[in-house]
Amino acid sequence: MSNAPFLDILTYLDGSEGSLSALMYSIMLSKSTGARLHVLYVVNTKALGDLVKSHIFVAQERSEYLSDLRKDAERHIRHAQKLAAQKEITIEASIIEGSPHTEVMKYIKENHIDLLTLGSINVIRSRREELTSENDRMMRTSPCPVLVVKDDDSIWSMFEEDY
């Protein structure tokens, strides 16, 4: 049994450098506390649908782009599994399609997640970006505590050392 105030950690992985830092930090946190680690990649089909509605993509382009997004998701999850294996941690990895905020909140509730880890929030330049930032929305509306992982270089260095 874990002596940490959490038993299940969820890392939202979107392929960004920040989300990889959050993943590495979560792997180290899981190793040191014994908490189970879940990794979720959400293929953002809502944004893709919005691009089709606004005529930025036609249906054929949507299919090709969706296929590329799915392949990216699989590649990022495989990388997450390799990183976890380096530290002898098993992760529960999932790929879901939909709106990232909605799917992450649903996953948290369905899997009794105690801690959500996110990569650093991007610099928000406008009110519109603030309203549409998925990480920002997750941070503000999560039903569990949220850990925002910053300082990518030190996290990567710690992970590469024999932690």
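The structure presented is a predicted model; accordingly, all values stated were derived computationally and were not measured.

Asks: Give me the lowdown on the overall build of the protein, citing residues and values where you can.
Replies: Within the protein one finds 7 helices and 5 strands. Along the protein, helices and strands appear, N-terminal first, in the series β-α-β-α-α-β-α-β-α-α-β-α. By residue count, 44% of the 163 residues in the protein fall in the buried class. Of the contacts made within the protein by residues no fewer than 6 positions apart, 76% connect residues no fewer than 24 positions apart. Here the protein displays about 9200 Å² of accessible surface, and carbon together with sulfur accounts for 49% of that area.

Asks: Could you give me a rundown of the confidence of the model for the protein, with the residues and numbers involved?
Replies: For the protein, mean pLDDT is 87; residues scoring 70 or higher make up 83% of the total. The least confident element of the protein, judged by mean pLDDT, is helix 5 (residues 127-132) at 48; the most confident is strand 1 (residues 8-13) at 98. Low confidence marks residues 126-131, where pLDDT is under 50. Its contacts with residues over four positions away, or in another chain, come to 6 contacts.

Asks: Could you give an account of the packing of helix 1 (residues 17-33) against helix 7 (residues 152-160), naming the residues involved and the relevant values?
Replies: The contact between helix 1 and helix 7 brings their axes to 9 Å, and the two run at 40°. Viewed along their axes, helix 1 and helix 7 adopt a mutual orientation that is oblique. In this structure, helix 1 crosses over helix 7, and the sense of that crossing is left-handed. Here helix 1 contributes Glu 17, Gly 18, Leu 20, Ser 21, Met 24, Tyr 25, Ile 27 and Met 28 to the contact with helix 7, which in turn contributes Asp 152, Ile 155, Trp 156, Met 158 and Phe 159. Taken together, the residues that form the contact of helix 1 with helix 7 break down as 9 nonpolar, 2 polar and 2 charged.

Asks: Could you give an account of helix 7, with specific residues and numbers?
Replies: Given 3.6 residues per helical turn, the α-helix brings residues three or four places apart onto the same face. Turning to helix 7, its buried residues number three or more, namely Asp 152, Ile 155 and Phe 159. Buried positions in helix 7, seen along its axis, are confined to an arc of 65° and lie on one side of it. Of the exposed residues in helix 7, those oriented more than 90 degrees away from the buried face are Asp 153 and Glu 160.

Asks: Can you explain unusual backbone geometry? Please cite residues and give values.
Replies: Unusually for a residue other than glycine, Glu 88 sits at a positive phi of about 60°. Although it is not a glycine, His 112 sits at a positive phi angle of roughly 55°. Note on placement: His 112 falls in the loop between helix 4 (100-110) and strand 4 (115-119). Residue class for His 112 comes out exposed when judged on its relative accessible area of 60%.

Asks: So what's going on with the sheet that holds strand 5 (residues 146-149)? Which residues, and what values?
Replies: A sheet is described by the order of its strands in space; here 5 strands give the open sequence 3-2-1-4-5, paired in parallel fashion. In this open sheet, the two strands that pair with only one neighbour each are strand 3 (91-98) and strand 5. Pairwise comparison of adjacent strand axes, ignoring direction, gives a mean angle of 25° for this sheet. Note: strand 2 (residues 36-44) against strand 3, 8 bridges, orientation parallel. Bridging from a neighbouring strand, Leu 37 pairs with Ile 91 of strand 3. Helix 1 contacts strand 1, strand 2, strand 4 and strand 5 of the sheet and is inclined by roughly 165° relative to strand 1.

Asks: I'd like a description of the packing of aromatic side chains, backed by residues and values.
Replies: In this structure the tally under the stated criterion is 0 aromatic pairs. The ring of Phe 159 carries Lys 87 above its face, with NZ or CZ at 4.8 Å from the centroid.

Asks: Lay out the pattern of salt bridges in plain terms, naming residues and giving numbers.
Replies: Under the criterion given, the structure shown has 5 salt bridges. Taking the shortest distance from any N to any O, the salt bridge between Glu 97 and Arg 70 comes out at 2.5 Å. Of this pair, Glu 97 sits in strand 3 while Arg 70 sits in helix 3 (residues 59-86), and the two are 27 residues apart along the sequence. Accessibility expressed as a relative area gives 36% for Glu 97, which makes it partly exposed. Notably, a salt bridge pairs Arg 140 with Asp 136, separated by 2.8 Å at the nearest N-O pair. Of this pair, Arg 140 and Asp 136 both sit in helix 6 (residues 134-141), separated by 4 residues, roughly a single helical turn. You can call Asp 136 buried: its relative accessible area is 7%.

What counts and what doesn't
- Residues numbered from 1 in each chain as written.
- Predicted model: local features only at pLDDT ≥ 70, side-chain atom pairs only at ≥ 80, totals over all residues.
- Heavy atoms only, no water.
- Helix = DSSP H or I, 4+ residues; strand = E, 2+ residues; numbered from the N terminus.
- Buried < 20%, exposed > 50% of the residue type's maximum accessible area, 1.4 Å probe, protein only.
- Contact = heavy atoms within 4.5 Å.
- Areas by Shrake-Rupley, 256 points an atom, 1.4 Å probe, with all protein chains shown as cover.
- pLDDT = per-residue confidence, 0-100.
- Axes fitted to C-alpha atoms, helices over the stretch in contact; angles between N-to-C directions.
- Parallel < 35°, antiparallel > 145°, perpendicular 65-115°, else oblique.
- Left-handed = near helix turned anticlockwise from the far one by under 90°.
- Nonpolar A, V, L, I, M, F, W, Y, C, P; charged D, E, K, R; others polar.
- Arc of directions from axis to C-beta.
- Pairing = 2+ DSSP bridges.
- Phe/Tyr/Trp six-rings, centres within 6.5 Å; stacked < 30°, edge-to-face > 60°.
- Lys NZ or Arg CZ within 6 Å of the ring centre and 35° of its normal.
- Salt bridge = Lys/Arg side-chain N within 4 Å of Asp/Glu carboxyl O.

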